[in-house]
Every structure is written in structure tokens, then in C-alpha cells.
Amino acid sequence: MEKKGALAFRYAFPKTVPVMVGYIFLGMAYGILMEVNGFGIVWTLAMSLLVYAGSLQYVGVTLLAAGVNPVHAFLMGLMINARHLFYGISMLGKYRDLKRFKAYLIFALTDETFSVVCNEKVPRAIDREWVFLWVSLLNHCYWVLGSVLGNVLGSVISFNTKGLDFALTALFVVIFTDQWKSRKDHGPALTGVAGSVICLLLFGADRFIIPAMIVILVILSAGYRREAKKEVKEDGR
Amino acid sequence: MDGEMVRGICIAGALAAATLITRFLPFFLFPAGKNIPKYVEYLGKTLPFATIGMLVVYCLKDVRMSAASHGLPELISIAVIVVLHWWKGNSLLSIGAGTAVYMALVQRVFA
């Protein structure tokens, strides 16, 4: 059993290196932001360990600092993390027959972990469940380590952090660019941007997310109906 | 424990619960051996693209075109990220450089 784990570790570790660099960097930015807003190491550690959702944690700094209604925080969490629903749906097949670590693997399915495991074709000689575990666990460790480091260093060396939270925007722009390159049909991506911009102009910055999600769902559903009709027609011929 | 701390713990708990729900729900709804409806499958293929687009807009929601900088720091930094990422495809480089450019712009140029 130990040998299985060690073999899987040697296979999994190199795949996590890009995430390591990214998570330590973004984690540090998060730790510093927490520190700037008056939240120390216990808060930072708890959030990174138990919430473990990068974008939501960034938004969470504002929610914590403002002391918003927890119900508001909960709804915000559902909205921002709604995309995880679709990562889960994409992994239904791959995670289907896992046993020992399944619950943890689902808990730790962040954007970056998803991007590593979803394309993973583990060789037969290596235990895939262990590989998934190492990828997920290592990434989790990088994130926790980065945020704690940023939180501690942020209170030692002080520098002008104005604009540091742009790292989050940068991350999404990078994912957006990757997705754009990987796909010929840009309808869904354009729907997301256009629907959000229109709702932002109509409803304002504080309340546009829910209308935007509804608009996006309606447009995508129309696309689904169009495709379904086309299939029926083709089947009928 | 003061009220502020209790509220903070409640907020953190709410964020953790929301995250758990979004990550576990698909596996509860579609357990091993059950077929996924075609509509859900279609959404699973298209929604991630729309969602990231929405999140980019979400990050920029507080940018005011009427402000002194006219949203230029954001526009320039995003252009740098897209060009760099299209060219090199290195996520860290793109994120690091884009953030550095943005910080320099808001701290020095448009300060």
C-alpha cells in the first residue's frame, strides 16, 4: 500500500508544479489581503483549510470585513461557486468508482485541481485514486502554505498592496483565454460576458449577478433547444 | 467571544457550506450508475465558459468609466494578460505580469 502511494506521488508531483507556483503566489496575495483587513493567521488558516475556494475567499475578505449577514454570504458563495456544479458534473465519470478518498477529492475540486485531473490519463501500473489524492492534497497544501506565508510576511514587510487583488481578475482572464483557445464555438463565452455586462448596466454593481445568471441560463437553454431540434430533424431523415 | 467574532465565524461557516454544496451536489444528484439528463450534460459543456466570462465582468464591476483613470489601468492590464497568454501560454507569467502592470499603473501612473 505504501509503495502504491509513493509511486503515485512520483507521478503526480510534477503535474502539480504549475499549480504550486500559482497557488503560493495567489495564496500569498490572499494572506496579505486578509492581514491588511485585520484578519490574522487563525482566520487565514481556517479559511484556506476549510473553505478552500480561491475566488470566494477573495470576495470573502470583503464580506468578513464588512460583517455582512451570513445568509448574504451563503448566497454569494452559492453564486460564485455555482461553476463547481459543472466541474462536478464533468468528473462524475472519472470519480465514479473511487472509494477511499472520494469525499476528500470532491471537497478539494478547485478550478486548478479540476484542470489537472480532468485531462489525466493515469497509466495502468499506477493507482489512479492515489494520483488524484496527491494532486488534490498537494494543491491544497500549496494554497494553505501560500496564504499563511502571505499573512505572516504581510505583517513583517509592509509594501504598497494597492492593486494586488487584481491577481484574481488576472486569473479569470487567463482561464477565459485558455477556454477561448480550446474551443471553436465562442457562443457560451460571449453569452457570459454580454449577459453580465448588460445586467451590470441595467441592475448596477450590487445586484446584477442573479439576473446575469438567469439571462445566461435562458440563452444557453435556447441553444440547447435549437440543437435538440436539429438532432430530431436529422434523425427523421 | 465578542459579537463581531461570532458573526465572522458564521460568515466563514456560510462560505464553507456554500462551497461544499456546489462541489457535492452533482455527485448526490447523479450517483454512480444513474444517467445524466441530456440537458444537464449540455449545460455542463457550455456553462463553464459562460461562467468564467461572467466572473471577469464581476471582477470589473466597480470600475467607473467616469473616474479620473477611465478604467484604463484595467483595460491595459487585461490587454497585457491576453496578449502574453496567447503568446506564451504560461498562466503564472500572465497572472504575475498582469498584476504587476496593474499595480504599477494604479500606484504610479494614475495615482
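Along each chain, residues carry numbers from 1 onward, in the same order as the chain's sequence is written. Both sets of labels track the order of writing: A upward for chains, 1 upward for ligands. Reporting in this predicted model follows two pLDDT cut-offs: at least 70 for local features of residues, and 80 or more for side-chain atom pairs to be given and counted; totals over whole chains, interfaces and linings ignore these cut-offs and use all residues.

Section: the overall build of chain B
No. 1: Regarding its fold elements, chain B presents four helices and zero strands.
No. 2: Beginning at the N terminus, the succession of helices and strands in chain B can be written as α-α-α-α.
No. 3: Values of the radius of gyration come from C-alpha atoms, whereas the globule rule sets the reference at 2.2 Å times the count of residues to the power 0.38. Its C-alpha atoms give chain B a radius of gyration of 20 Å, more than 25% over the compact-globule value 13 Å for 111 residues.
No. 4: When its C-alpha atoms are laid out on the principal axes, chain B stretches across 55 × 50 × 30 Å.
No. 5: Here chain B, with 111 residues, has 39% of them falling under the buried criterion. Helix and strand definitions here come from DSSP, where helices need a minimum of 4 consecutive H or I residues and strands a minimum of 2 consecutive E residues; each element is numbered from the N-terminal end. Think of it as a crowd count around each C-beta: if 20 or more other C-beta atoms lie within 10 Å the residue is buried, if 12 or fewer it is exposed, and in between it is partly exposed, with C-beta placed from the backbone throughout.

Overview of the interface of chain B and chain A
No. 1: Whether two residues are in contact is decided by their C-beta atoms, placed from the backbone, lying within 7 Å. At the junction of the two partners, chain B supplies 62 residues and chain A supplies 69 residues.
No. 2: For the side of chain B that touches chain A, the secondary-structure elements that each account for two or more residues are helix H1 (3–29), helix H2 (38–59), helix H3 (72–88) and helix H4 (91–109) of chain B.
No. 3: Per-element accounting of the side of chain B that touches chain A gives the leading share, 20 residues, to H1 of chain B.
No. 4: For this scheme, ten residues count as nonpolar: Ala, Val, Leu, Ile, Met, Phe, Trp, Tyr, Cys and Pro. Four count as charged, namely Asp, Glu, Lys and Arg, and the remainder, Gly too, count as polar. Of the residues that constitute the side of chain B that touches chain A, the class distribution is 42 nonpolar, 15 polar and five charged.

Some remarks on the environment of Leu33 of chain A
All names here are of chain A.
No. 1: The residue Leu33 is located in helix H1 (residues 2–36) in this model.
No. 2: On a C-alpha basis, the gap between Leu33 and Val232 in space is 53 Å, while along the polypeptide they are 199 residues apart.
No. 3: Once residues lying within four places of it in the same chain are set aside, the contact partners of Leu33 are Val61, Leu164 and Asp165.

Quick word on the environment of Ala53 of chain A
No. 1: Here Ala53 of chain A lies in the loop between helix H2 (41–51) and helix H3 (54–66).
No. 2: For Ala53 of chain A, a count of 27 C-beta atoms within 10 Å puts it in the buried group.
No. 3: In this structure, the C-alpha to C-alpha distance between Ala53 of chain A and Phe107 of chain A, residues 54 residues apart in sequence, is 10.0 Å.
No. 4: Leave out the neighbours within four places in its chain, and Ala53 of chain A touches Asn81 and Thr110 of chain A together with Thr19 of chain B.

Concerning the domain arrangement of chain A
One frequent convention defines the size of an interface as the accessible area lost when the parts assemble.
No. 1: Taken domain by domain, chain A comprises domain 1 (2–180) and domain 2 (183–237).
No. 2: Per element, the largest residue contribution to the side of domain 1 of chain A that touches domain 2 of chain A is three residues, and it comes from helix H9 (residues 166–182) of chain A. Note: domain ranges come from an automatic or database domain assignment.

Considering the nonpolar core
No. 1: Formed by 97 residues in total, the largest nonpolar core has its most connected members in Ala167, Leu171 and Phe172 of chain A together with Leu15 of chain B.
No. 2: The element that contributes the greatest number of residues to this core is H1 of chain A, accounting for twelve residues.
No. 3: Contacts of Phe172 of chain A, omitting those with residues within four sequence positions, involve Ile52, Leu55, Val56 and Cys59 of chain B. What makes a nonpolar core is a set of buried Ala, Val, Leu, Ile, Met, Phe, Trp, Tyr and Cys residues, with links drawn between C-beta atoms within 7 Å.

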